[in-house]
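What follows is each chain in one-letter form.
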Amino acid sequence: MKKFFANQWLVMLVFSAVILTMPIWLSPIGAGYPDLLQKFMIFGIFAIGFNILFGLTGYLSFGHAAFLGVGSYAAVWSFKLLTMNVLPAIIFAIIVAGLFSVVIGYISLRRSGIYFSILTLAFAQMSYNLAYSVLTPVTNGETGLQLERADPRIIDSLFVEPTEGLPLTNFFSLSLSGYEGFYFCAAFLIIGFFISLRIFRSPFGLKLRAIKSNQTRMQYTGFSTKPYLLSAFVISGMYAGLAGGLMAATDPLAGAERMQWTASGEVVLMTILGGVGTLIGPLLGVGIIKYFENIFSAINENVLMAAYSGLPEGLQHFLVTVSSPFVGEGWHLTLGLMFMLVVIFLPGGIMEGFDRIKRLLMKPFSRNKDAVESAEEGH
Amino acid sequence: MDALLLQLLNGLDKGGAYALIALGLTLVFGTLGVVNFGHGALFMLGAFCAVVMQKILTLSEKVKDESVTFFDAYKEVPYLETWFGETGTMIIDWSVPISLFLVIPFMMLVGWALERGLIKHFYKRTHAEQILVTFGLAIVLQEIIKANFGANPIPTPAPDIVAGSANVGSWFGMGDNLVYPWWRLIYFIFSMIVIFIAFAFLKFTTFGMVVRAGMQDRDTVSMLGINIERRFTIVFGLAAVIAGLAGAMYAPTLPPDYHMGMDFLVLSFIVVVVGGMGSLPGAVLAGFLLGILQSFASMNEVKSILPGIDQIIIYLIAVVVLLVRPRGLMGRKGVMED
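Residues numbered from 1 in each chain as written. Chains lettered and ligands numbered in written order. Predicted model: local features only at pLDDT ≥ 70, side-chain atom pairs only at ≥ 80, totals over all residues. Heavy atoms only, no water.

1. Focus: the overall build of chain B
In step 1: Along its length, chain B carries 15 helices and four strands.
In step 2: Taking 338 residues into account, the globule formula puts the C-alpha radius of gyration at 20 Å, and chain B, at 22 Å, falls close to it.
In step 3: Summarising its shape, the C-alpha atoms of chain B cover approximately 75 × 50 × 35 Å along the three principal directions.
In step 4: Across the 338 residues that make up chain B, the buried fraction comes to 53%.
In step 5: In the form shown here, chain B has an accessible surface area of approximately 15100 Å², with 66% of it arising from carbon and sulfur atoms.
In step 6: On chain B, the mean spot of the 21 positive side-chain charges and the mean spot of the 24 negative ones are 14 Å from each other. (Helix = DSSP H or I, 4+ residues; strand = E, 2+ residues; numbered from the N terminus. Rg over C-alpha atoms; globule rule 2.2 N^0.38 Å. Buried < 20%, exposed > 50% of the residue type's maximum accessible area, 1.4 Å probe, protein only. Areas by Shrake-Rupley, 256 points an atom, 1.4 Å probe, with all protein chains shown as cover. Lys, Arg positive; Asp, Glu negative; His and termini not counted. Charge placed at Lys NZ, Arg CZ, Asp CG, Glu CD.)

The structure is reproduced here in structure tokens:
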């Protein structure tokens, strides 16, 4: 088993197969439709990128949504000014988000711990507030940036006859609605996952982990930690920009609410829920949160009544009354509770849960080794 | 000149709210060592205490409306009015100040329950985990409020007698241009009183002395045979009460809705960091400072020079302070150093 995971090409092969067949194996649980699958992919990219910063270096950024928002704006501007092809838009989104994160990272990384969190939070809130007020010419304020028929679209106007109504986003004449959009995003997720895998297993990734475990010791051994931190920050900012670009590619509009700190909080929740610092954990977190968001918020009292229909009437009504605050409008309550329980009992997220189960099963075979491991983790 | 003074006053009442929330945050952080992202939700709970009190006082019965003679019409009359007449109406009018009597025991209870049930298990965990679990707690609290009170802001008016504006200018002989809402003036004075009481409590009582000693070095204090954990529970309750009082009194200025806590939380965290983690006077000072600067930045004259500055001033100051004075304005040495 260990040997299998050591071979990155095999891992990638299995991973790609699992991602690309998602429409098939997710349809029995009602998640096999393109809209949700696209969300899985986009937020997956976002969370993978966030995990490179938070998971490896331990720097908790509370402002990552700003990069996602900036990426969205950049992509929509590319649609408006250049072409409806998504490729330039996405490249543009990554570059702009990258530059933005260089600036913010350079300043924020002068501090660590909670101060770093507050600094990133402050920058994200500044971007959000500015996008709503002064930067309205760029961001179109509360309405959000949208496509218009009258946009110049310089490159498109040379090659394509203008159509009736708004043009759609495309990838070299391939339209990006429905499953095509999903596969397009999935390709990026697979590439993103591969890069993250390489980073996790590279000397660079090792240095990032060293920063997490003891930055001072790292400095004493002669490394300047700042460049490594900044590169990790910029890489994760670029992932966020890519996610923002893809968001705009599948649905060409961008709004400031994507930059609000609650959006940054969401990606933190996803990463933690799945398992910080693990490769696959953030993706699990994204899947679970987005899935339950869609499923739980669609449940109403009638659905509950039907679900409990086999029970005696008094019990049925009781159960419906008890569970109805947790579904539909109140699904955030479920999310909050679930999240609290995870942080309290499983700080390592779902991946730690798997680990514990595995250890429980393996216990009779290798007791001593595990005891040492768990004692080390306790510190 | 008048405009400047008016902005100063404007800043004082908002600054009062920031200072009160930040005070509780710092108190909890300095003693328990817990970064509490749920503190904004406690502020919101306080505001909803005012809402609940108003609801209780205006519990109504259906009474036949005598003024309509063509058909049977009914109107809602609060019980208090039927029982006590004029006095009853007055009690209803004063629901926000009366709610303070509900806030204190209720928030103490909430604080106690949270500390015993949740926070105490997080003393030894990392700050990141504390942030995360209290963030989850904040979501849960605000969703509970949303489920019970809906998503819309609920107006909770101040008593009629202080509904208008005070002619502050004429008090100081500066003409009649300087008028300011009574309630916001009261809020400022109220926040000063609460801050004063909190400081006096910490400074002049034995309990306060122990708590301050615990802020310095909790291990030594517990080695001296003092049950510091039990005091910490009370400190957390105290912080919750302060946040609750701030929230309840703020209800007339800003009709409470379920996410008001989150809005204030981010700002008051920045206040705490600017003031210096673990410094109580720093939190109060930074609260008023940021409140006043924010209202100065929203003057038209300033905005015409630096557009958008009113939106970002607080965050900008936070960035500058954190980079120039790493410990914040009045931060103690050795607290949350990098």
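More follows now that the structure is in view.
2. What to know about the environment of A:Gly245
Residue and element names in this part refer to chain A.
In step 1: Within the element layout of this structure, Gly245 appears in helix α13 (residues 225-250).
In step 2: The class of Gly245 is buried, set by a relative accessible area of 0%.
In step 3: For the pair Gly245 and Gly69, spaced 176 residues apart in sequence, the C-alpha separation works out to 8.8 Å.
In step 4: Excluding residues within four positions of it along the chain, Gly245 makes contact with Gly71, Ser72, Ala75, Ile90 and Ala93. (Contact = heavy atoms within 4.5 Å.)

3. Quick word on the confidence of the model for chain B
Detailed reading of predicted coordinates is not advised where the pLDDT is low.
In step 1: Averaged over every residue, the pLDDT of chain B is 85; residues scoring 70 or more account for 97%.
In step 2: The element-level mean pLDDT for chain B is lowest in helix α7 (residues 168-171) of chain B, coming to 74, with helix α5 (residues 95-117) of chain B highest at 92. (pLDDT = per-residue confidence, 0-100.)

4. Description of a nonpolar patch on the surface
All names here are of chain A.
In step 1: Residues Leu81, Leu82, Ile154, Ile155, Leu158, Phe159 and Val160 make up a contiguous nonpolar surface patch of roughly 680 Å² in combined accessible area.
In step 2: Residue contributions to the nonpolar patch peak at four residues, all from helix α9 (residues 154-159).
In step 3: With respect to the secondary-structure elements, Phe159 resides in helix α9.
In step 4: Exposure remark for Phe159: the relative accessible area of 68% places this residue in the exposed category. (Patch = residues over 30% accessible without salt bridge, like charges linked within 9 Å, V, L, I, M, F, W, Y side chains within 5 Å. Salt bridge = Lys/Arg side-chain N within 4 Å of Asp/Glu carboxyl O.)

5. A short note on the side chain of B:Ser95
In step 1: Within the secondary structure, B:Ser95 is located in helix α5.
In step 2: When sequence neighbours within four positions are dropped, the list of residues in contact with B:Ser95 reads B:Met53, B:Gln54 and B:Leu57.

6. Remarks on the interface of chain A and chain B
In step 1: In this assembly, 35 residues from chain A lie in contact with 38 residues from chain B.
In step 2: Together, the buried faces of chain A and chain B total about 3500 Å²; carbon and sulfur atoms form 79% of this surface.
In step 3: Together, A:Ile114, A:Tyr115 and A:Trp261 form the three largest contributors to the area buried by chain A at its contact with chain B, with a combined 19%.
In step 4: Counting every contact that joins chain A to chain B gives zero salt bridges.
In step 5: At the junction of chain A and chain B, the tally comes to four residue pairs in polar contact (both at pLDDT 80 or more).
In step 6: Of all the elements, helix α7 (residues 113-132) of chain A adds the most residues to the side of chain A that touches chain B, at eleven residues.
In step 7: Within the side of chain A that touches chain B, the residues separate by chemical class into 24 nonpolar, eight polar and three charged. (Buried area = accessible area lost by both parts, 1.4 Å probe. Polar contact = N/O pair within 3.5 Å; in protein donor to acceptor, adjacent residues only side chain to side chain. Nonpolar A, V, L, I, M, F, W, Y, C, P; charged D, E, K, R; others polar.)

7. Structural notes on the side chain of A:Thr169
Residues and elements named next belong to chain A.
In step 1: Inspection of the secondary structure assignment puts Thr169 in the loop between α9 and β2 (170-171).
In step 2: Within polar-contact distance, the side chain of Thr169 engages the backbone oxygen of Ala249 at 2.9 Å.
In step 3: In contact with Thr169, other than residues within four places in its own chain, are Phe79, Met84, Val86, Ser175, Leu176, Ala248, Ala249 and Pro252.

8. What about α7(A)?
In step 1: Given a rise of 1.5 Å per residue, 20 residues ought to cover 28 Å, and the 29 Å separating the end C-alpha atoms of α7(A) matches this to within 8%.
In step 2: With 17 of its 20 residues buried, α7(A) lies for the most part within the structure. (Expected span 1.5 Å × (residues − 1).)

9. What to know about the packing of aromatic side chains
In step 1: For the coordinates displayed, the defined rule picks out 33 aromatic pairs over all chains.
In step 2: Where A:Tyr291 meets A:Phe292, the ring centres are 5.5 Å apart and the plane angle is 70°; that geometry is what we call edge-to-face.
In step 3: For A:Tyr291, a relative accessible area of 18% gives the class buried.
In step 4: The class of A:Phe292 is partly exposed, set by a relative accessible area of 28%.
In step 5: For the pair B:Phe48 and B:Phe149, a centre-to-centre distance of 5.0 Å together with 50° between the ring planes defines the contact as tilted. With a gap of 101 residues between them, B:Phe48 in helix α2 (residues 39-57) and B:Phe149 in helix α6 (residues 127-149) connect regions that are remote in the sequence.
In step 6: Look at B:Phe48 and you get buried, because its relative accessible area is 3%.
In step 7: Here a set of aromatic residues connected by ring pairs shows up, and it is made of B:Tyr18, B:Phe43, B:Tyr187, B:Phe190, B:Tyr250 and B:Phe264.
In step 8: Across from the ring centre of A:Tyr106, 4.6 Å away, lies the NZ or CZ of A:Lys226, which sits over that ring. (Phe/Tyr/Trp six-rings, centres within 6.5 Å; stacked < 30°, edge-to-face > 60°. Lys NZ or Arg CZ within 6 Å of the ring centre and 35° of its normal.)

10. Some remarks on the nonpolar core
Side chains of nonpolar character tend, in soluble globular proteins, to be buried together.
In step 1: Grouped together as the largest cluster of nonpolar side chains are 224 residues, with contacts concentrated most on A:Met41, A:Leu246, A:Trp261, B:Leu32, B:Phe37 and B:Ile270.
In step 2: At 15 residues, helix α4 (residues 34-57) of chain A tops the list of elements feeding residues into this core.
In step 3: Setting aside chain neighbours within four positions, we find A:Trp261 in contact with A:Phe62, A:Leu121, A:Gln125, B:Phe37, B:Phe135, B:Met262, B:Leu265 and B:Val266. (Core = buried A, V, L, I, M, F, W, Y, C linked by side-chain atoms within 4.5 Å.)

11. Side note on the pattern of salt bridges
In step 1: If you walk through the whole model with that rule in mind, you get six salt bridges over all chains.
In step 2: A:Glu352 serves as the salt-bridge partner of A:Arg356, at 2.6 Å between the closest nitrogen and oxygen. Residue A:Arg356 and its partner A:Glu352 are both found in helix α19 (residues 349-362); the two are separated by four residues, about one turn of the helix.
In step 3: Taking the shortest distance from any N to any O, the salt bridge between B:Arg125 and B:Glu129 comes out at 2.9 Å.
In step 4: Salt bridges sharing common partners tie together A:Glu266, A:Lys290 and A:Glu293.

12. Thoughts on the packing of helix α8 (residues 182-204) of chain B against helix α9 (residues 206-216) of chain B
Residue and element names in this part refer to chain B.
In step 1: With their axes 5 Å apart at the nearest point, α8 and α9 run at an angle of 85° to one another. By the angle between their axes, α8 is roughly perpendicular relative to α9. On α9, the residues touching Phe201, Leu202, Lys203 and Phe204 of α8 are Thr206, Phe207, Gly208, Met209, Val211 and Arg212.
In step 2: Tallied by class, residues from the contact of α8 with α9 come to six nonpolar, two polar and two charged. (Axes fitted to C-alpha atoms, helices over the stretch in contact; angles between N-to-C directions. Parallel < 35°, antiparallel > 145°, perpendicular 65-115°, else oblique.)

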